Amino acid sequence: MSDTFQNNNREAENLAKELKRKGIRDERVLAAIAKVPRHSFIDESLRELAYIDKPLPIEKGQTISQPYTVAYQTELLKLQPGEKVLEIGTGSGYQAAILCEMGAEVYSIERYHELHLTSKKALNKLGYYPKLFFGDGFEGLPEYAPFDKILVTAAPDEIPEKLLRQLRIGGWMVVPVGGRMGQKMTVIKRVSEEKFSESEYGDFIFVPMQKGTEE
Ligand code: SAH
């Protein structure tokens, strides 16, 4: 193993330790954070900021979420290995890598074609092969439903109804709901065919979930 790789690893390990201090408890989430090289998902010019607990800009005015937010959302998923997860907003691909690292079967949708392509490249280079789709996340992937868990990484104003229908009974969706001023992290569980239960967690700020696709 080269020195560079070990150094990168140490940076990711330190980031995991920081997130633990900030309250993340799920050891499997922390292990994934300690392993996935976040710098592989951002522009070379931002390399020095890769392991700081901050969101960073990516192409198309979007962001790679803050590591704490990635860990927080992933913790709420309570993933079991092999579970089928749908992510809305592939973005940089970092969150998808964390889900793959934890042994999930990952499906992820991105509405910008360019981000769809660059995230795929970054993920495959590291040996992660989630199923990536260019499309509108509001539609979900009905042909691949039901999903055990759905993770939305952009903020809709209201709970996306079509996605709820793509959850298995007993499965749940983690979604930051609210307008541009801030969102409530919300977990919606599908209790039965028609019944859903909702609980709210902390306040976050995500980029807005937008309808349609763009090149
Ligand atoms: N999970 C990403 C976070 C990226 S920010 C990461 O780890 O980097 C949220 C992403 O959601 C952006 O890339 C944005 O383009 C995308 N997005 C917003 N609305 C969407 C929609 N309707 N369907 C799919 N992706 C969407």
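*Asks:* Quick rundown of the pattern of salt bridges? Include the residues and the values.
*Replies:* Going through the model one piece at a time under the given rule, you end up with 16 salt bridges. As a salt-bridge pair, Lys35 and Glu101 come within 3.2 Å of each other at their nearest N and O atoms. One end of the pair, Lys35, is in helix α2 (residues 27-35); the other, Glu101, is in helix α4 (residues 94-101), and 66 residues separate them in sequence. Judged by its relative accessible area of 25%, Glu101 falls in the partly exposed class. One salt bridge connects Glu139 with Lys162, and the closest N-O pair in it is separated by 2.8 Å. Taken together, the positions of Glu139 in the loop between β5 (131-134) and β6 (147-152) and Lys162 in helix α6 (residues 161-164) put the pair 23 residues apart, joining distant regions of the chain. A relative accessible area of 38% places Glu139 in the partly exposed class.

*Asks:* Which residues make up the site of the ligand, and what values do they have?
*Replies:* Residues in contact with the ligand amount to 26 residues; listed here are only the nearest, Glu87, Ser92, Glu110, Gly137 and Gln210. Measuring from a nitrogen atom of the ligand, one finds a backbone N or O atom of Gly89 at 2.9 Å. Measuring from a nitrogen atom of the ligand, one finds a backbone N or O atom of Gln210 at 2.7 Å. Protein contacts shield 99% of the accessible area of the ligand, which totals 580 Å² for the unbound molecule. Secondary structure elements with two or more residues in the shell around the ligand: β2 (63-64), α4 and β4 (105-110).

*Asks:* Account for the pairing of β6, with residues named and values stated.
*Replies:* A large share of β6 lies buried, amounting to six of its six residues. Where strand β3 (residues 84-88) and β6 come together, four bridges link them in parallel fashion. By the bridge assignment for β6, Glu87 is matched with Leu151. Pairing analysis gives four bridges linking β6 to strand β7 (residues 167-177), with the strands arranged parallel. Looking across to β7, one finds that Phe147 is bridged to Leu167.

What counts, and where the lines are drawn
Residues numbered from 1 in each chain as written. Predicted model: local features only at pLDDT ≥ 70, side-chain atom pairs only at ≥ 80, totals over all residues. Heavy atoms only, no water. Salt bridge = Lys/Arg side-chain N within 4 Å of Asp/Glu carboxyl O. Helix = DSSP H or I, 4+ residues; strand = E, 2+ residues; numbered from the N terminus. Buried < 20%, exposed > 50% of the residue type's maximum accessible area, 1.4 Å probe, protein only. Near = heavy atom within 4 Å. Polar contact = N/O pair within 3.5 Å; in protein donor to acceptor, adjacent residues only side chain to side chain. Areas by Shrake-Rupley, 256 points an atom, 1.4 Å probe, with all protein chains shown as cover. Pairing = 2+ DSSP bridges.

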